[in-house]
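Structural description and commentary
Here's the letter readout for the chains.
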Amino acid sequence: QVQLVESGGGLVQAGGSLRLSCVVSGRSVGSTAMGWFRQAPAKEREFVATRNRSGGDPYYANSVKGRFTMSRDNAKNTVYLQMNSLLPEDTAVYYCAASSAYYNPLRLLDYDSWGQGTQVTVSS
């Protein structure tokens, strides 16, 4: 059974930083496409970042490019999302997800396993 557990969310002022972690069990992050999504209140869940199963460079949504960095630690079977220069509009619940896709999965339906989410709140 695949489990994804996110942590690291919290309240931060605009311009600050947070690092989210996603510990995965039942699946190897070194051979699985992993992604981060977020959902703000009254909005649809949206793509943030992904890294394909071959381990190529991560791909980011335009809204976070240059501010967020996705990485992984194969030994800990964990993926991370380093978020810098945070903006109030980054406020959302952030979800980690795993996909069996061989390409860069950008859509929600490309993912078959999801974490429970972690709240990120950025104050102005």
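Quantities reported herein were computed from a predicted structural model and do not represent experimental measurements.

Evaluated as defined, the whole model comprises 1 cavity of 30 Å³ or more. Taken as a whole, the largest cavity holds about 30 Å³ of empty space. Lining the largest cavity are Val29, Thr32, Met34, Arg51, Asn52, Met70, Arg72 and Val79. Residues of the lining of the largest cavity, tallied by class, amount to 4 nonpolar, 2 polar and 2 charged.

One pass over the structure, following the stated rule, counts 5 salt bridges. Across the pair arginine 38 and aspartate 90 runs a salt bridge, and its minimum N-O distance is 2.9 Å. One end of the pair, arginine 38, is in strand 4 (residues 33-39); the other, aspartate 90, is in the loop between strand 8 (78-83) and strand 9 (92-99), and 52 residues separate them in sequence. A relative accessible area of 6% means that arginine 38 is categorised as buried. Note that arginine 107 and aspartate 110 form a salt bridge whose closest N and O atoms lie 2.9 Å from each other. We classify arginine 107 as partly exposed; its relative accessible area is 48%.

So, on to unusual backbone geometry. Although it is not a glycine, alanine 42 sits at a positive phi angle of roughly 65°. Relative to the helices and strands, alanine 42 resides in the loop between strand 4 and strand 5 (46-51). For alanine 42, a relative accessible area of 90% translates into the label exposed. For asparagine 77, which is not glycine, the phi torsion reads 50° and is therefore positive. The class of asparagine 77 is buried, set by a relative accessible area of 16%.

Basis of the calculations
Residues numbered from 1 in each chain as written. Predicted model: local features only at pLDDT ≥ 70, side-chain atom pairs only at ≥ 80, totals over all residues. Heavy atoms only, no water. 1 Å grid on protein atoms, 1.4 Å probe; cavity = no way out; pocket = protein on both sides within 12 Å on 5 of 7 lines; lining within 4 Å. Points joined across faces, edges and corners; volume = space filled by probe spheres on them. Nonpolar A, V, L, I, M, F, W, Y, C, P; charged D, E, K, R; others polar. Salt bridge = Lys/Arg side-chain N within 4 Å of Asp/Glu carboxyl O. Helix = DSSP H or I, 4+ residues; strand = E, 2+ residues; numbered from the N terminus. Buried < 20%, exposed > 50% of the residue type's maximum accessible area, 1.4 Å probe, protein only.

Remember that the coordinates give geometry; whether it matters functionally is a separate question.
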